[in-house]
Amino acid sequence: MKKTGTRFVCSSCGHSEAKWLGRCPSCGEWNTLSEESASPRQRKKSSSGRISHHAETLSRIPEDAVQRLDTGIPELNQVLGGGIVPGSSVLIGGQPGIGKSTLLLQASRSIRCQGTVLYISGEESSRQIAMRARRIGAASDSIKVLCETDVQGILRQMESIKPALVVVDSIQTLLSEELGPVPGTVNQIKYGSHEVSDWCKEHQVPLFLVAHVTKEGSIAGPKVVEHMVDAVLYFEEAEGGIRLLRAMKNRFGPVNELGIFSMEDRGLIGVDNPASLFLQNREGGLPPGAAIAPVYEGSRVLLVEIQALTVPAKSGVSRTFADRIDSRRVSRIAAVLEKHAGLRFSDQDLYVNVAGGIRLDEVGIDLPLAVALYSARTGLAAPERIVFAGEVSLAGEVRPVPQPEMRSKAAEKLGFTAHIGPGKDGRGKNMRSLKETLAELFAAKKS
Ligand code: TYD
Ligand code: MG
């Protein structure tokens, strides 16, 4: 007979089911459902007792300007929307080894806050942390390291130390015995993170939570606490030791902010002039299949090279291989080119890459992607030293994009001309046909 109160919870997304299933119906991952007790113990109230809340009249609630603490790391401040808000919780996710601990140790050293930083580690010993801290010059009297995984023990230490900033590295190590002996289950992660962030909210202390992600999604990760934190930042690795930090959610700032770091001997260093960071150095002009895009990422413009390759489909059915641009976008642009520019793609396999390893998801890359695909299919190289930005509609028109001036300026600074939106400078009001645009761009090449 089935025990009551037993649920099967997906370790990838936290979805729960009454019975076991081989595949999670919510996120589609296989073999991620495992049995967990549905009703963790009743949460204890803290000894001080919780503040009871009453409803307030909206118009009478005073507006206090959000004060932010300077983390001492400009790139991190920017991704957070100008520093960290006291009492807010920020989740930092990423693959093991990407630099989460390094970044937070650096922030622990340089944050402008009054008091002690409590760095809670369930992963590494205090000696290991001290070694890293010395390496990056973060060994400081104002940082206390607590190697502890028991949530109640952590809360007691927080109560006695009264820190001004808390770092939990990582939420996957948090353990409450009432929820069983194994850390890293969905319930353990949710409960532990909730308890710590509750304390921090009550005491107006900012909190960083670290969460590991694995490619296979085989361990419960940041997804299970994303909804309860104020901001979610993800680390991604690009080529050449470049680390990108993206805000996926931010209650106190814009999303899609992007921080760019390089991993050096002494920790993560913000990249000063990233506009040309992803451009490829090569002798001579662009080969067919390449086009440069001025992408607007995190309130600045980066020039990146989109590369396309088309080969006759091996299986007779056209397939798209792209992991740095959504493959649905690639298929859509290929379809528009086929319908409106008279190029056949439906018998081709399409490969699309972005040089430098950055992932792109922005309306403006439609046009450079179309140029790259057109160039790959026709064998005509795109015109020299021009960058392209524009949205492409299903009807085969090029539409304007946000921030045309910023894109033009960034391109000009690096010696490029910008072809943006329907007009040359993006100010043109009318849509323009993609076919005409391409014909004009490649006219010189054909003759
Ligand atoms: P780490 O912060 O431990 O990653 P995470 O916490 O996300 O698992 O960083 C790990 C990698 O960074 C490790 O492979 C060593 C490298 N590293 C440097 O190159 N320079 C440094 O100064 C430090 C501290 C780490
Ligand atoms: Mg770590």
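Residues numbered from 1 in each chain as written. Chains lettered and ligands numbered in written order. Predicted model: local features only at pLDDT ≥ 70, side-chain atom pairs only at ≥ 80, totals over all residues. Heavy atoms only, no water.

**So, the pairing of strand S13 (residues 290-297)**
Counted residue by residue, S13 has seven buried out of eight residues, so it is predominantly covered. As paired elements, S13 and strand S14 (residues 300-312) share eight bridges and run antiparallel to each other. Paired with valine 295 across the strands is leucine 302, a residue of S14. The turn linking S13 back onto S14 is made up of two residues, and glycine 298 within it adopts a positive phi angle of 55°. (Buried < 20%, exposed > 50% of the residue type's maximum accessible area, 1.4 Å probe, protein only. Helix = DSSP H or I, 4+ residues; strand = E, 2+ residues; numbered from the N terminus. Pairing = 2+ DSSP bridges.)

**Points about the site of ligand 1**
Around ligand 1, 16 residues are found, and the nearest of them are Gly97, Ser101, Thr102, Arg132 and Glu264. Interatomic distance of 2.8 Å between a side-chain N/O atom of lysine 100 and an oxygen atom of ligand 1. At 2.7 Å from a nitrogen atom of ligand 1 is found a main-chain nitrogen or oxygen belonging to glutamate 264. Protein coverage of the free-state accessible area of ligand 1, which is 560 Å², stands at 76%. Contributing elements (two or more residues each) for the shell around ligand 1: helix H2 (100-110), helix H3 (126-135) and strand S11 (258-264). With three residues, H2 is the largest single contributor of residues to the shell around ligand 1. Tallied by class, the residues present in the shell around ligand 1 amount to four nonpolar, six polar and six charged. (Near = heavy atom within 4 Å. Polar contact = N/O pair within 3.5 Å; in protein donor to acceptor, adjacent residues only side chain to side chain. Areas by Shrake-Rupley, 256 points an atom, 1.4 Å probe, with all protein chains shown as cover. Nonpolar A, V, L, I, M, F, W, Y, C, P; charged D, E, K, R; others polar.)

**Looking at the domain arrangement of the chain**
In terms of domains, the chain is made up of domain 1 (6-37), domain 2 (68-272) and domain 3 (290-446). Taking only C-alpha atoms, the centre of domain 1 and the centre of domain 3 are 40 Å apart. (Domains from an automatic or database assignment.)

**A few points about the side chain of glutamate 75**
As for its position among the elements, glutamate 75 is in helix H1 (residues 74-80). Of the polar contacts made by the side chain of glutamate 75, one reaches the backbone nitrogen of isoleucine 260; its length is 2.7 Å. Residues within four places of glutamate 75 in sequence aside, it is in contact with Leu258, Gly259, Ile260, Phe261, Gly270, Val271 and Arg300. (Contact = heavy atoms within 4.5 Å.)

**Topic: the sheet that holds strand S21 (residues 432-433)**
With antiparallel pairing, three strands are arranged side by side in an open sheet as S18-S19-S21. Of all strands in the sheet, those with a lone pairing partner are strand S18 (391-392) and S21, marking the two edges. One ladder, built from two bridges, connects strand S19 (residues 397-399) with S21; its direction is antiparallel. Within S21, the position partnered with valine 398 by the bridge is arginine 432.

**Quick notes on the environment of leucine 103**
Positionally, leucine 103 belongs in helix H2. Under the relative-accessibility criterion, leucine 103 is labelled buried at 0%. A C-alpha to C-alpha distance of 7.4 Å links leucine 103 and glycine 267, two positions 164 residues apart in sequence. Non-local contacts of leucine 103, meaning those with residues more than four positions away in its chain, are made with Ile73, Leu76, Ile92, Phe235, Leu245, Phe261 and Leu268.

**Description of the pattern of salt bridges**
Side chains that differ in charge, positive against negative, can pair when their charged atoms come close. If you walk through the whole model with that rule in mind, you get 23 salt bridges. The closest approach of N and O atoms between arginine 344 and aspartate 347, which form a salt bridge, is 3.3 Å. In this structure arginine 344 comes out as partly exposed when scored by relative accessible area, which is 48%. Its relative accessible area of 30% is what places aspartate 347 among the partly exposed residues. In the salt-bridge network here, residues are joined through shared partners; they are Glu236, Arg246, Glu297 and Arg359. (Salt bridge = Lys/Arg side-chain N within 4 Å of Asp/Glu carboxyl O.)

**Focus on the nonpolar core**
Leu337 and Leu373 are the most contacted members of the largest nonpolar core, which has 48 residues in total. Considering each element in turn, this core owes the most residues, eight residues, to helix H7 (residues 366-378). Residues lining this core come from more than one domain, with at least three contributed by each of domain 2 (68-272) and domain 3 (290-446). Those residues in contact with leucine 337 that lie beyond four places of it in its chain are Gly342, Leu343, Phe345, Ala370, Leu373, Tyr374, Leu434 and Leu438. Membership of the second largest hydrophobic core comes to 34 residues, among which are Leu165, Val210, Leu245 and Ala247. (Core = buried A, V, L, I, M, F, W, Y, C linked by side-chain atoms within 4.5 Å.)

**Observations concerning the sheet that holds strand S12 (residues 267-270)**
With mixed pairing, the nine strands of this open sheet are ordered in space as S6-S5-S7-S8-S4-S9-S10-S11-S12. This sheet does not close on itself; its edge strands, each paired only once, are strand S6 (143-147) and S12. Across this sheet, the average inter-strand angle for adjacent strands is 25°, counted without regard to direction. The sheet contact formed by strand S4 (residues 89-94) and strand S8 (residues 207-212) spans six bridges and is parallel. What sits directly across from glycine 94, in S8, is histidine 212. Of the strands in this sheet, strand S5 (117-121) and S6 are in contact with H3, which crosses S6 at around 145°. Those strands touched by helix H4 (residues 151-161) are S5, S6 and strand S7 (165-169), and its axis lies near 165° from that of S5. (Axes fitted to C-alpha atoms, helices over the stretch in contact; angles between N-to-C directions.)

**Here's the deal with the state of the cysteines**
Working definition: the covalent bond between the sulfur atoms of two cysteines is a disulfide. Taken as a whole and assessed by the stated rule, the structure comprises zero disulfides. Of the cysteine sulfurs around cysteine 147, a residue in no disulfide, the closest is that of cysteine 200, at 18 Å. (Disulfide = S-S within 2.5 Å.)

**Brief notes about the packing of aromatic side chains**
Per the stated rule, a full pass over the model turns up three aromatic pairs. Relative to phenylalanine 442, the ring of tyrosine 374 lies with its centre 4.7 Å away and its plane at 40°, an arrangement referred to as tilted. Of the two residues, tyrosine 374 sits in helix H7 while phenylalanine 442 sits in helix H9 (residues 434-446), which places them 68 residues apart along the sequence. By the burial criterion, tyrosine 374 is buried, and phenylalanine 442 matches it. Positioned above the aromatic ring of phenylalanine 416, the side-chain terminus of arginine 385 is 4.1 Å from the ring centre. (Phe/Tyr/Trp six-rings, centres within 6.5 Å; stacked < 30°, edge-to-face > 60°. Lys NZ or Arg CZ within 6 Å of the ring centre and 35° of its normal.)

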